[in-house]
Amino acid sequence: MARHFMPKREVLRMVDLMAAHKLNRLHLHLVDDQGWRVESRRHPRLHEVGSHRPRTATGYYREDLAFDDVPHGGYYTLDDLAEIGAYARARAVTVVPEIDVPGHASAILAAYPELDARATGGRRPEPFRVLERWGIFPAILSPLPGTVDFLTDVFDEILAALGDTPYVHVGGDECVLDDWAASPEIVAFQTELGLGSLADLHAWFLRRLADVLATRGSRAVVWDEAFVSGMLRPDTIVMPWRGPGVARRAAAAGHDVVQTSVFPLYFDYAEAASELEPLAIGDTITVSDVAAFEPAPQARRSGAPPPTVRGGRP
């Protein structure tokens, strides 16, 4: 939804298809570097500026950049979210909205550059823009309290629109911390909190957002990069996309885990090895690959002890 906007009617159709197939969680990805996709009445530049880009990359990964030169944009109003939430609940589908922070923030920072980590200490950096290409980029929100207050406003608007929302995804993935390291104000804030590293500050920031959500009756969900610091709230749900190793570690630490391994669960890969396939991010993943995937390893399901888990990133 974030990178390629889909109109509300397509979301409602997806809910119908999910209900028919007894799928009961709709992960609604509402923000990325390439677009912000939900109205904010408190911070309207988010949808006025952040929801539009001038063009979109059309080439394959690692090919020379090529663009379609077609403007792309769109966002859901808060009334749209209310309709989507009610429609999904009536069909036993739970909407899980995602506001991915503090990285993947180009669209947010194009709208509100004062939240830029580079803007601390009175600096005026070259502004970010809503991106038209894919990858990992340095745009990152400042972790200072003003950013938490800003995001709290956004969460409150989304939760009020959707109604009962047991889970909210706060992202935490693919964060480049260079701009935090270059900011004396952010480094001083880390020191003031008694944190030993910027990675710990990243974890503190996400835990602070999880605490905010908890007071509103929602559990935070994060990607696996947010888990490795070991500073999450115990009720935070971990979605490990980089493989089963970190999934086992998160489960052993007591977290609920949603298996989201790139292979075979990323459906932006090709579904057939054919030149007729539309543009995809990677090679073929088939229905057979997905059907053969075991979210819970056989040893765990049979009651055998889990494999030994050691520290360190996978």
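Just so it is clear, the model here is predicted, and its values are computed rather than measured.

So, how was this worked out
Residues numbered from 1 in each chain as written. Predicted model: local features only at pLDDT ≥ 70, side-chain atom pairs only at ≥ 80, totals over all residues. Heavy atoms only, no water. Helix = DSSP H or I, 4+ residues; strand = E, 2+ residues; numbered from the N terminus. Rg over C-alpha atoms; globule rule 2.2 N^0.38 Å. Buried < 20%, exposed > 50% of the residue type's maximum accessible area, 1.4 Å probe, protein only. Contact = heavy atoms within 4.5 Å. Lys, Arg positive; Asp, Glu negative; His and termini not counted. Charge placed at Lys NZ, Arg CZ, Asp CG, Glu CD. Expected span 1.5 Å × (residues − 1). Axes fitted to C-alpha atoms, helices over the stretch in contact; angles between N-to-C directions. Parallel < 35°, antiparallel > 145°, perpendicular 65-115°, else oblique. Left-handed = near helix turned anticlockwise from the far one by under 90°. Nonpolar A, V, L, I, M, F, W, Y, C, P; charged D, E, K, R; others polar. Pairing = 2+ DSSP bridges. Salt bridge = Lys/Arg side-chain N within 4 Å of Asp/Glu carboxyl O. Phe/Tyr/Trp six-rings, centres within 6.5 Å; stacked < 30°, edge-to-face > 60°. Lys NZ or Arg CZ within 6 Å of the ring centre and 35° of its normal. Arc of directions from axis to C-beta.

K.L.:
What is the right way to read the overall build of the chain from this model?
P.N.:
In terms of regular secondary structure, the chain is built from 12 helices and nine strands. Expected size for 314 residues packed as a compact globule is a radius of gyration near 20 Å; at 20 Å, the chain falls within 12% of this value. Structurally, the chain occupies a C-alpha span of about 55 × 50 × 45 Å along its principal axes. Out of the 314 residues belonging to the chain, those deemed buried represent 44%. At a minimum sequence separation of 6, the contacts of the chain that also span at least 24 residues come to 65%. Between the mean site of the 32 positive side-chain charges and the mean site of the 43 negative ones, the chain shows a separation of 5 Å.

K.L.:
Which parts of the structure should I look at to understand helix α5 (residues 145-162)?
P.N.:
Residues three or four positions apart in an α-helix share a direction because the helix packs 3.6 residues into each turn. The end-to-end C-alpha distance of α5 is 26 Å, a good match for the 26 Å that 18 residues give at a rise of 1.5 Å each. Buried residues of α5: T147, V148, F150, L151, T152, V154, F155, E157, I158, L159, A161 and L162, and no others. Residues of α5 that are buried make contact with β3 (35-36), α2 (45-50), α3 (78-89), β6 (94-101), β7 (167-171) and α8 (198-214). At the exit of α5 stands G163, carrying a positive phi of roughly 85°.

K.L.:
When you look at the packing of α5 against α8 in this model, what are you seeing that I'm missing?
P.N.:
Two numbers describe a pair of packed helices, the interaxial angle and the distance between the axes. Contact geometry for α5 and α8: axes closest at 11 Å, N-to-C directions at 40°. Taken together, the axis directions place α5 and α8 in an arrangement best described as oblique. Classified by chirality, the crossing of α8 by α5 is right-handed. Along its contact with α5, which presents T147, V148, L151, T152, F155 and L159, the element α8 presents F205, R208, L209, V212 and L213. Looking at the contact of α5 with α8 residue by residue, the classes come out as eight nonpolar, two polar and one charged.

K.L.:
Before we go on, may I ask you to explain the pairing of β7 in this structure?
P.N.:
Side chains on a regular strand alternate between the two faces of the sheet. Within β7, five of the five residues are buried, which leaves the element mostly enclosed by the surrounding structure. On β7, burial covers both faces: Y167, H169 and G171 on one face and V168 and V170 on the other are all buried. As defined by bridge partners, β6 adjoins β7 across two bridges and the pair is classed as parallel. Note on β7: the bridge partner recorded for V101 is G171. As paired elements, β7 and strand β8 (residues 219-223) share four bridges and run parallel to each other. Bridge pairing in β8 places Y167 opposite R219.

K.L.:
Looking at this structure, I do not really get the pattern of salt bridges. What am I missing?
P.N.:
Oppositely charged side chains can pair when the atoms bearing their charge come close. Within this structure, the stated rule accounts for 18 salt bridges. The partner of E83 in a salt bridge is K8, and the shortest N-O contact between them spans 2.7 Å. With E83 in helix α3 and K8 in helix α1 (residues 8-20), this pair connects stretches of sequence that are 75 residues apart. In this structure K8 comes out as partly exposed when scored by relative accessible area, which is 25%.

K.L.:
Can you walk me through the packing of aromatic side chains in this structure?
P.N.:
Aromatic ring pairs are reported here in terms of the distance separating the ring centres and the angle at which the planes meet. Applying the stated criterion across every chain, the model contains three aromatic pairs. With a centroid separation of 4.8 Å and an interplanar angle of 45°, the aromatic rings of F5 and Y76 are classed as tilted. On the criterion of sequence distance, the pair formed by F5 in the segment before α1 and Y76 in the loop between β5 (72-73) and α3 is long-range, its members being 71 residues apart. In this structure, R45 packs its charged tip against the face of Y112, placed 4.0 Å from the ring centre. In this structure, R91 packs its charged tip against the face of Y87, placed 3.5 Å from the ring centre.

K.L.:
Explanation requested: the environment of R219 in the structure shown.
P.N.:
Along the polypeptide, R219 turns up in strand β8. Classification of R219 as partly exposed rests on a relative accessible area of 25%. Residues R219 and W180, 39 residues apart in the sequence, show an inter-C-alpha distance of 27 Å. The contact partners of R219, leaving out residues within four places of it in the chain, are P166, Y167, V168, D235, I237 and D256.

K.L.:
Before we go on, may I ask you to explain helix α7 (residues 184-192) in this structure?
P.N.:
Turning to α7, its buried residues number three or more, namely I186, F189 and Q190. Buried positions in α7, seen along its axis, are confined to an arc of 100° and lie on one side of it. Opposite the packed face of α7, turned more than 90 degrees from it, sit the exposed residues P184, T191 and E192. Those residues of α7 hidden inside the fold are in contact with α5, α6 (178-181) and α8.

K.L.:
How should I be thinking about the environment of M1 in this particular structure?
P.N.:
Checked against the element boundaries, M1 lands in the segment before α1. Between the C-alpha atom of M1 and that of W36, which follows or precedes it by 35 residues, the distance is 9.3 Å.

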